[in-house]
Amino acid sequence: MPTGSLSSAGCSKMPEAPIFDLAGKRVWVAGHRGLVGSALVRRLARERCEVLTAGRDVADLRRRDDVDALYASLRPDVVILAAARVGGILANNSFPVDFLHDNLAIANNVIAGAAESGVEKLLFLGSSCIYPREAPQPIREEALLSAPLEPTNEWYAVAKIAGLKLCQAYRRQYGCDFISAMPTNLYGPGDNFDIASAHVIPGLLAKVRKAMEDDARTIEVWGTGRPRREFLYVDDLADALVHLLRHYSDEPPINVGTGSEVTIADLAWTICEAAGYSGGLQFDTSRPDGTMRKLLDVSRLHGLGWRAGTSLRDGIARTWLWYLDAHDSVVRDARVTA
Ligand SMILES: NC(=O)c1ccc[n+]([C@@H]2O[C@H](COP(=O)([O-])OP(=O)(O)OC[C@H]3O[C@@H](n4cnc5c(N)ncnc54)[C@H](OP(=O)(O)O)[C@@H]3O)[C@@H](O)[C@H]2O)c1
C-alpha cells in the first residue's frame, strides 16, 4: 500500500552512523503548540530540515478528512506525533470517553494517513503510564502488557498502547519505518501552570509564586512527600527524539528518561530553592500519593548513545525563569487592558 519504501548535550558515547538523515526533509510536528511540540520546533530549528506545522483550527486530528487534507497540503517526509489529549488524574477520571476516543482517533488518523501518503519515518509519542501499575522498577520496555494498568489513567494508556501497536503493525505488514518513544514525566517552558490541572512541577512552581506574592509561610504539597518520581526537561526530550529519528528503527517502543528519581518532598525543596522561597512545606496527606515509585529503565536509549543533559535543579531554574517571564507578561497585559 505505502508508495514510499517501505534515520553536544545528549550523546554519551559515539552513536553509530545515522540510519536516517533529516537533512532536506519536510518534518511535520503534530501538536506544535504543546509542551513537547514547541520544544521540538525549537530543537529542529538547529537541523537542516523544513519544519511544518498546522494548528487545530486548520485540522482537527480527530477527523480523518482533515488529516488526509493536511497530508495532501503538507506532503511531509517525516512526522512526529506530539498531538494528544493530555491531562492529570482528575481530568482522566472525569472524561474517560474523551481521553480514550480522542487519543485513539488522533493516533489512527495520523498513523494510517502517514502510511497511505508514503511518509518515510514517523515517531509516535506514548508515555510511561502505558506500563503496568505494579511493574518491576526500573520499568523495562518488556513490561508492556504484562499486568494490569493504573486504573486512574487507563483510558489514556489504552489509547497510547493502541497507537504503538499500530506503528508495529504497519512496520510488520507494510515495512513502514514507524517508531514509538515512551517519555517519563516531562516539565519545562510551555507547560500548563494552572494549579487546578497542572502536573506536579508546574503546579508547585505556581504555588510558590502565589505564596511569595501573598507572603505565605508555607506551600501545600499533595500526599506524604515519599513517592519517588523521574522528571525529564522537555528540551532534553526533544533532543532525544531527534536522536531516535536518526538512530532507531525497530518495533519495540523505547523509553526516554533520565534514569534517576527524586522524592516529591526533595522535589518540592528543590523548587523552593530555585525560586528563592524561604517558606516551608505543608504535606496534605488526605490527598493521594499515587504509585510509590515510577522510574523508567533507559539502558536501551543509553545503548543508542543518548543521555539526558539537564539536571533537575537546572531544568527547574530555567522553567521558573520562563514562567515568571510568561506570567509577568500575562499580568502586564492584563494591567494594560484593565
Ligand atoms: N506532559 C508530559 O509530562 C508527558 C509525559 C510523557 C509523554 N507525553 C506525551 O507527549 C505528547 C505531547 O504531550 P504534551 O505534554 O506536549 O501535551 P500538550 O501540551 O497538551 O500539547 C498537546 C498538543 O496537541 C494538540 N491537539 C490536541 N488535540 C488535538 C486535535 N484534536 N487536533 C489538533 N491538535 C490537537 C494541542 O493543540 P492546541 O494547542 O490547539 O490545544 C496541543 O498543541 C503526548 O502524546 C503525551 O502523551 C507527555
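Residues numbered from 1 in each chain as written. Predicted model: local features only at pLDDT ≥ 70, side-chain atom pairs only at ≥ 80, totals over all residues. Heavy atoms only, no water.

A. Here's a closer look at the site of the ligand. If you check the shell around the ligand, you find 24 residues, and the closest are Leu-35, Val-36, Arg-56, Tyr-156 and Lys-160. Within the contact set of the ligand, an oxygen atom lies 3.0 Å away from a backbone nitrogen or oxygen of Leu-186. Protein contacts shield 85% of the accessible area of the ligand, which totals 890 Å² for the unbound molecule. Looking at the shell around the ligand, the elements with two or more residues in it are helix H1 (35-44) and helix H5 (154-174). (Near = heavy atom within 4 Å. Polar contact = N/O pair within 3.5 Å; in protein donor to acceptor, adjacent residues only side chain to side chain. Areas by Shrake-Rupley, 256 points an atom, 1.4 Å probe, with all protein chains shown as cover. Helix = DSSP H or I, 4+ residues; strand = E, 2+ residues; numbered from the N terminus.)

B. Structural context of the pattern of salt bridges. Scanning the entire structure with this criterion turns up 27 salt bridges. Glu-116 is the salt-bridge partner of Arg-64, the closest N and O atoms lying 2.7 Å from each other. Pair noted here: Arg-64 is in helix H2 (residues 64-74) and Glu-116 is in helix H4 (residues 96-116), with a separation of 52 residues, a long-range link. Its salt-bridge partner being Asp-177, residue Lys-121 comes within 3.3 Å of it at the nearest N-O pair. In this pair, Lys-121 sits in strand E4 (residues 121-125) while Asp-177 sits in strand E5 (residues 177-183), placing the two residues 56 residues apart along the sequence. The same class applies to Lys-121 as to Asp-177, namely buried. If you follow the salt bridges from partner to partner, you end up with Arg-43, Glu-47, Asp-239 and Arg-246 in one network. (Salt bridge = Lys/Arg side-chain N within 4 Å of Asp/Glu carboxyl O. Buried < 20%, exposed > 50% of the residue type's maximum accessible area, 1.4 Å probe, protein only.)

C. Fine view of the sheet that holds strand E10 (residues 254-256). Pairing in this open sheet of six strands is parallel, and the strands run E2-E1-E3-E4-E5-E10 from one edge to the other. Taken across any chain shown, the strands that pair with only one partner, and hence form the sheet edges, are strand E2 (50-52) and E10. When the angles between neighbouring strand axes are averaged without regard to direction, this sheet yields 25°. In this sheet, strand E3 (residues 78-81) lies alongside strand E1 (residues 26-30) in parallel orientation, the contact comprising four bridges. Each bridged residue has a counterpart across the sheet, and for Trp-28 the counterpart in E3 is Val-79. Lying on the sheet, H2 is in contact with E1, E2 and E3; it crosses E1 at an angle near 150°. (Pairing = 2+ DSSP bridges. Axes fitted to C-alpha atoms, helices over the stretch in contact; angles between N-to-C directions. Contact = heavy atoms within 4.5 Å.)

D. Focus on the pairing of E3. Burial of E3 is two-sided: the residues Val-78 and Ile-80 facing one way and the residues Val-79 and Leu-81 facing the other way are all buried. Pairing analysis gives four bridges linking E3 to E4, with the strands arranged parallel. Each residue of the ladder has a partner; that of Val-78, found in E4, is Lys-121.

E. Just H1, in detail. Counting buried positions along H1 gives eight out of 10 residues, so the element sits mostly inside the fold. Listing the buried residues of H1 in full gives Leu-35, Val-36, Gly-37, Ser-38, Ala-39, Leu-40, Arg-43 and Leu-44. In this structure, the buried residues of H1 make contact with E1, E2, E3, E4, strand E6 (185-187) and helix H7 (234-247).

F. Structural context of the domain arrangement of the protein chain. Segmentation of the protein chain into domains returns domain 1 (26-187 + 231-256) and domain 2 (200-230 + 260-294 + 311-331). If you average the C-alpha positions of domain 1 and of domain 2, the two centres end up 28 Å apart. Contact residues are listed per partner, giving 11 residues for domain 1 and 15 residues for domain 2. Of the roughly 1200 Å² buried between domain 1 and domain 2, counting both surfaces, carbon and sulfur atoms make up 59%. Of all residues in domain 1, Gln-137, Tyr-187 and Phe-231 bury the most surface against domain 2, accounting for 55% of the area lost on that side. Inspection of the region where domain 1 meets domain 2 yields three residue pairs in polar contact (both at pLDDT 80 or more). (Domains from an automatic or database assignment. Buried area = accessible area lost by both parts, 1.4 Å probe.)

G. Geometry of the state of the cysteines. Scanning the model with the defined rule gives zero disulfides in all. Cys-167 supplies the cysteine sulfur nearest to Cys-129, a cysteine that is in no disulfide, at a spacing of 16 Å. The closest cysteine sulfur to the non-disulfide-bonded Cys-167 is located on Cys-176, 9.2 Å from its own sulfur. (Disulfide = S-S within 2.5 Å.)

H. Just the nonpolar core, in detail. With 38 residues, the main nonpolar core has Trp-28, Leu-61, Val-110, Ile-111, Leu-122 and Phe-178 as its most contacted residues. Among the secondary structure elements, those contributing two or more residues to this core are E1, H2, E3, H4, E4, H5 and E5. (Core = buried A, V, L, I, M, F, W, Y, C linked by side-chain atoms within 4.5 Å.)

I. Geometry of the pairing of E1. Within E1, five of the five residues are buried, which leaves it mostly tucked inside the rest of the structure. Residues of E1 alternate between two faces, with Arg-26, Trp-28 and Ala-30 on one and Val-27 and Val-29 on the opposite face, all of them buried. With H1 bridging E1 and its parallel neighbour E2, the resulting β-α-β unit is right-handed. (Right-handed = clockwise from strand over helix to strand, strands pointing away.)

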